[in-house]
Amino acid sequence: MRLSATDVYAFQALGFLGLQDLGRWVSSEEISEATGVHRPYLVRILAALSGKGVVKSKKGIGGGYALARKPGLISLCEVVRAVDGPVAPLSCISLNWHEPCAEEGRCHARASVYTRMRDAMLGVLGEFSVEDLVTDARQGVSYGHCLGHLLKPNA
């Protein structure tokens, strides 16, 4: 698994939202300004997060975005799935988007290596929450620097 720019931007936005007082709606403009994420891209990320119940949105005057739950109750696994889809490296081992493979029954790599990779990724992402992102946001840490460190295919 590799982190995507979308993951990094979502983490930045969620850390900022987690700093806000409960019940405060934050506009996409304010989130964009505070995080440095371009508003059009941010709105698409927030829509994906809203569609999966990570954030809630309210239209109209006084509306905006807020976390759907307390930061400690939103796992990073849930966030990554909301913006990127399946965490599993292959569909034949995906828990939620499984697609059968003709070699499933006798594939040693699937039964051992790929399954362990999936479980490790799910375990780590499930161990941490938006509260961990809030810790960084509270200290003024920007994930913008992470964008320059994203690994590219065939690097």
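Keep in mind the model is a prediction, meaning the values are calculated, not measured.

Asker: Got a minute to help me understand the overall build of the chain in this structure?
Answerer: Scanning the chain for helices and strands turns up six helices and two strands. Moving toward the C terminus, one meets the helices and strands of the chain in the order α-α-α-β-β-α-α-α. Taken along its principal axes, the extent of the C-alpha atoms in the chain is 60 × 30 × 25 Å. Across the 155 residues of the chain, 37% fall into the buried class.

Asker: Please explain the pattern of salt bridges as it appears in this structure.
Answerer: This model, assessed by the stated rule, comprises six salt bridges. Across the salt bridge formed by arginine 24 and glutamate 30, the nearest N and O atoms sit 2.8 Å from each other. A residue is classified by how much of its surface remains accessible, and arginine 24, at 31% relative accessible area, is partly exposed. Note that glutamate 104 is salt-bridged to arginine 110, the shortest N-O span being 3.7 Å.

Each value, and the rule that gives it
- Residues numbered from 1 in each chain as written.
- Predicted model: local features only at pLDDT ≥ 70, side-chain atom pairs only at ≥ 80, totals over all residues.
- Heavy atoms only, no water.
- Helix = DSSP H or I, 4+ residues; strand = E, 2+ residues; numbered from the N terminus.
- Buried < 20%, exposed > 50% of the residue type's maximum accessible area, 1.4 Å probe, protein only.
- Salt bridge = Lys/Arg side-chain N within 4 Å of Asp/Glu carboxyl O.

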